[in-house]
Amino acid sequence: LVRLRARLSRSQNALGKGLLTLLAREHLDDDTWEEIEDTLLTADVGVQPTQELVEQLRARVKVLGTRTPAELRGLLREELLKILVPEFDRAVKTDSPLDTPGIVMVVGVNGTGKTTTTGKLARVLVADGKNVVLGAADTFRAAAADQLQTWGERVGARTVRGPEGGDPASIAFDAVKEGIEEGADVVLIDTAGRLHTKTGLMDELGKVKRVVEKHAPLDEILLVLDATTGQNGLVQARVFAEVVDITGIVLTKLDGTAKGGIVIAVQRELGVPVKLVGLGEGADDLAPFEPEAFVDALIG
Ligand code: GDP
């Protein structure tokens, strides 16, 4: 929590403070509620969740009458948590039901932090005593395989790669095969995220998924979204959700944005949980998403 708070405040994440300041005004008139709404929208909370949040807050503040700062903080905390849907199961699943390795596919638009996230996740799993194989199926971006392999060497995971511009599905297949043969615990597959055409993306990711599933059940398809891209991230999320069944979201670069509200918007949009958050470029900068810690960091 301390680290999360430090990272979020480094990016001047002013959402919580802004809301508390507005709520503490003596007269909560329509203008103030509008300002509260604007603050939420500016932080990328999204239109519908914002309306619900404001409605709830309005009703509860009205009941309260006089308000102490502690009461206001409590209200805001509860309402933010409600909207974050804390009952989601947020653990990244890597335990295959069969005698095969757990398979995790990492998808998302290039530049969102896919490869970095795959490397960081490998580090967490290796530190957990797991034997990890990395599949460098992002053959579109020239340096991606090198980058993943560097991560692999750093954290102690083998990387399976193919020729530049090679077939992503065949590399994914090779990685799964190696994982099975070596008795690995988890295979993480980094994929390419070209968004030029939806059919192209669909063909490629669909093929990777089909080939993998012929050999082992897929445990997770994690969608990586860059928190700094705001509403654009939501558009990406929609496209990917049409192409593959996303099971969890990784929100990267939360350290570089004052728009933490995207967590709320994207969960609402896809109906799947944010499971991990990226808080920097370093190896240890991937954290499980914990709604309570997140809200506490947000409202200080
Ligand atoms: P990919 O094309 O999606 O595989 O993206 P990369 O993994 O190469 O990441 C793109 C850039 O974002 C790199 O410079 C990463 O170091 C950086 N990056 C990734 N995750 C985070 C994060 O959580 N915070 C910050 N500040 N930078 C990140």
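Just so you know, these numbers come straight off a predicted model, no measurement behind them.

Enquirer: Mind showing me how you'd approach the overall build of the protein chain here?
Expert: Looking only at helices and strands, the protein chain features 12 helices and 8 strands. Over its C-alpha trace the protein chain gives a radius of gyration of 21 Å, about what one expects of a compact globule, namely 19 Å for 300 residues. Taking the principal axes of the C-alpha coordinates as reference, the protein chain spans close to 65 × 40 × 35 Å. In the protein chain, which comprises 300 residues, the proportion classed as buried is 53%.

Enquirer: For this particular structure, what's the right way to read the side chain of Thr139?
Expert: With respect to the element layout, Thr139 can be found in the loop between strand 2 (132-137) and helix 7 (144-155). Overall, Thr139 belongs to the buried group, its relative accessible area being 11%. Within the structure, Thr139 has its side chain in polar contact with the backbone oxygen of Gly166 (distance 2.9 Å).

Enquirer: Teacher, can you tell me more about the pattern of salt bridges here?
Expert: Opposite charge on two side chains allows them to pair when their charged atoms are near. Within the structure shown, the criterion is met by 20 salt bridges. Across the salt bridge formed by Arg268 and Glu52, the nearest N and O atoms sit 3.0 Å from each other. Separated by 216 residues along the polypeptide, Arg268 in helix 11 (residues 262-270) and Glu52 in helix 4 (residues 47-64) bring together distant segments of the chain. Overall, the relative accessible area of 34% leaves Arg268 in the partly exposed class. Taking the shortest distance from any N to any O, the salt bridge between Asp167 and Lys207 comes out at 3.3 Å. Of the two residues, Asp167 is situated in the loop between strand 3 (158-160) and helix 8 (168-181) and Lys207 in helix 9 (residues 198-213); the sequence distance between them amounts to 40 residues. On the accessibility criterion, Asp167 (34% relative accessible area) is partly exposed. When salt bridges that share partners are traced, they join Arg60, Glu78, Glu79 and Lys82 into one network.

Enquirer: Can you help me understand the UniProt feature "domain: SRP54-type proteins GTP-binding" (unreviewed entry) in the protein chain in this one?
Expert: Mapped onto the present numbering, the UniProt feature "domain: SRP54-type proteins GTP-binding" (unreviewed entry) falls on residues 273-286. Summarising residues 273-286: 0% helix, 43% strand, and an end-to-end C-alpha distance of 16 Å.

Enquirer: How do you make sense of the site of the ligand when you look at a structure like this?
Expert: Contacts to the ligand come from 18 residues, most closely from Gly111, Lys114, Thr115, Thr116 and Glu281. Here a nitrogen atom of the ligand and a side-chain polar atom of Asp255 are 2.8 Å apart. Within the backbone of Gly280, an N or O atom sits 3.3 Å from a nitrogen atom of the ligand. Compared with its free state, where it exposes 590 Å², the ligand has 81% of that area covered by protein.

Enquirer: I tried to follow a negative patch on the surface on my own but got confused; where do I start?
Expert: On the surface, Asp29, Asp31, Glu34 and Asp38 cluster together to form a negatively charged patch. As for its placement among the helices and strands, Asp29 is situated in the loop between helix 2 (15-23) and helix 3 (30-42). Accessibility expressed as a relative area gives 38% for Asp29, which makes it partly exposed.

Enquirer: Please clarify how the packing of aromatic side chains should be interpreted in this entry.
Expert: Aromatic ring pairs are defined here through the distance separating the ring centres and the angle between the ring planes. Applying the stated rule across the entire model yields 1 aromatic pair. In this structure, Arg154 is placed above the aromatic ring of Trp151, and the distance from its NZ or CZ to the ring centre is 4.3 Å.

Enquirer: What exactly am I supposed to notice about helix 2 here?
Expert: Regarding helix 2, the residues found buried are Leu15, Gly16, Leu19, Leu20, Leu22 and Leu23. Down the axis of helix 2, the buried set is contained in an arc of 165 degrees. They therefore lie on one face. More than 90 degrees from the buried face of helix 2, the exposed residues found are Lys17 and Thr21. Those residues of helix 2 that are buried are in contact with helix 3, helix 4, helix 5 (69-83) and helix 12 (291-299).

Enquirer: I tried to follow the pairing of strand 5 (residues 218-226) on my own but got confused; where do I start?
Expert: Remark: a regular strand shows side chains that alternate across the two faces of the sheet. A large share of strand 5 lies buried, amounting to 9 of its 9 residues. Here strand 1 (residues 102-107) pairs with strand 5 via 5 bridges, running parallel. Across the sheet, residue Val104 finds its bridge partner in strand 5, namely Glu220. Sheet topology places strand 5 next to strand 6 (residues 248-252); 5 bridges connect them, and they run parallel. Within strand 6, the residue paired with Val224 across the bridge is Val250. In the classification by handedness, the crossover that spans strand 5, the intervening helix 10 (residues 231-243) and the parallel strand 6 is right-handed.

Thresholds, definitions, all that
- Residues numbered from 1 in each chain as written.
- Predicted model: local features only at pLDDT ≥ 70, side-chain atom pairs only at ≥ 80, totals over all residues.
- Heavy atoms only, no water.
- Helix = DSSP H or I, 4+ residues; strand = E, 2+ residues; numbered from the N terminus.
- Rg over C-alpha atoms; globule rule 2.2 N^0.38 Å.
- Buried < 20%, exposed > 50% of the residue type's maximum accessible area, 1.4 Å probe, protein only.
- Polar contact = N/O pair within 3.5 Å; in protein donor to acceptor, adjacent residues only side chain to side chain.
- Salt bridge = Lys/Arg side-chain N within 4 Å of Asp/Glu carboxyl O.
- UniProt positions renumbered as here; feature names shortened; annotations may be inferred.
- Near = heavy atom within 4 Å.
- Areas by Shrake-Rupley, 256 points an atom, 1.4 Å probe, with all protein chains shown as cover.
- Patch = residues over 30% accessible without salt bridge, like charges linked within 9 Å, V, L, I, M, F, W, Y side chains within 5 Å.
- Lys, Arg positive; Asp, Glu negative; His and termini not counted.
- Charge placed at Lys NZ, Arg CZ, Asp CG, Glu CD.
- Phe/Tyr/Trp six-rings, centres within 6.5 Å; stacked < 30°, edge-to-face > 60°.
- Lys NZ or Arg CZ within 6 Å of the ring centre and 35° of its normal.
- Arc of directions from axis to C-beta.
- Contact = heavy atoms within 4.5 Å.
- Pairing = 2+ DSSP bridges.
- Right-handed = clockwise from strand over helix to strand, strands pointing away.

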